[in-house]
Amino acid sequence: MDLGARVGIRENVIIGGYGHFIVGNDTAINEGCIITAMEKVEIGANVMLAPRVYLLDVDHRFERRDIPISKQGYLVRPVRIEDDVWIGTGAVITKGVTIGRGAIIGANSVVTRDVPAYAIAAGVPAMVVKGRPE
């Protein structure tokens, strides 16, 4: 775990996994967030994670029907949240996703693919709804 300066981690945050967890300066991780870093979860500087955000670099395999899902292992791909990102309450960021600098993720969104810099994304699955003004 590598934490920058002035990182705020509020109550009831769960950080799990045996991978690399990196957080930049002046980032806030609010109540009830769950972060699983089996390989790598990287959060930039000046990022705001609202309450109950999930960041997961892992998912269950489920390709085979002859083996229970619980016995099929995992798919793991790093998650990267660039600087100056705001992630709304209850959002879920799935494995392999990069959220670009200055992006905003709407509350209760499920992000399954990359979000460009300065985009505003929302929904299930999350889609870019507009860009931030210049």
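Our subject is the structure that appears above.
Residues numbered from 1 in each chain as written. Predicted model: local features only at pLDDT ≥ 70, side-chain atom pairs only at ≥ 80, totals over all residues. Heavy atoms only, no water.

1. Regarding the overall build of the protein
Along its length, the protein carries zero helices and 19 strands. Here the C-alpha radius of gyration of the protein, 15 Å, is about what a compact globule of 134 residues would show, namely 14 Å. Burial statistics for the protein: of 134 residues in total, 37% are counted as buried. Considering only contacts within the protein whose residues lie at least 6 apart along the sequence, 18% involve residues at least 24 apart. Only carbon and sulfur atoms are counted for the fraction: they give 53% of the accessible area of the protein, which is about 7,500 Å². Seen as two clouds, the 15 positive and the 15 negative side-chain charges of the protein have centres 5 Å apart. (Helix = DSSP H or I, 4+ residues; strand = E, 2+ residues; numbered from the N terminus. Rg over C-alpha atoms; globule rule 2.2 N^0.38 Å. Buried < 20%, exposed > 50% of the residue type's maximum accessible area, 1.4 Å probe, protein only. Contact = heavy atoms within 4.5 Å. Areas by Shrake-Rupley, 256 points an atom, 1.4 Å probe, with all protein chains shown as cover. Lys, Arg positive; Asp, Glu negative; His and termini not counted. Charge placed at Lys NZ, Arg CZ, Asp CG, Glu CD.)

2. Section: the sheet that holds strand 15 (residues 98-99)
Strand order across the open sheet formed by five strands is 1-4-7-12-15, with parallel pairing between neighbours. The open sheet has two free edges, formed respectively by strand 1 (2-3) and strand 15, since each of these has just one partner strand. Sheet analysis places strand 7 (residues 40-43) next to strand 12 (residues 79-81), joined by three bridges and oriented parallel. Within the sheet, the bridge partner assigned to Val41 lies in strand 12 and is Val79. (Pairing = 2+ DSSP bridges.)

3. A look at the environment of Gly123
One can find Gly123 in strand 18 (residues 119-123). Since its relative accessible area comes to 29%, Gly123 is described here as partly exposed. Sequence spacing of Gly123 and Ala107 is 16 residues, and the spatial spacing of their C-alpha atoms is 8.3 Å. If we ignore the near neighbours within four places in the chain, the residues touching Gly123 are Ser109 and Val110.

4. Thoughts on the sheet that holds strand 17 (residues 110-111)
With parallel pairing, the five strands of this open sheet are ordered in space as 3-6-9-14-17. Pairing within the sheet leaves two strands with one partner each, and these edge strands are strand 3 (14-16) and strand 17. Both strand 14 (residues 92-93) and strand 17 contribute to a ladder of two bridges, which runs parallel. Opposite Val92, over in strand 17, you have Val110 as the bridge partner.

5. Structural notes on the pairing of strand 7
On strand 7, burial follows the alternation: Val41 and Ile43 on one face are buried, whereas Lys40 and Glu42 on the facing-out side are not. Relative to strand 7, strand 4 (residues 20-23) runs parallel, the two being bridged by four bridges. Paired with Ile22 across the strands is Glu42, a residue of strand 7.

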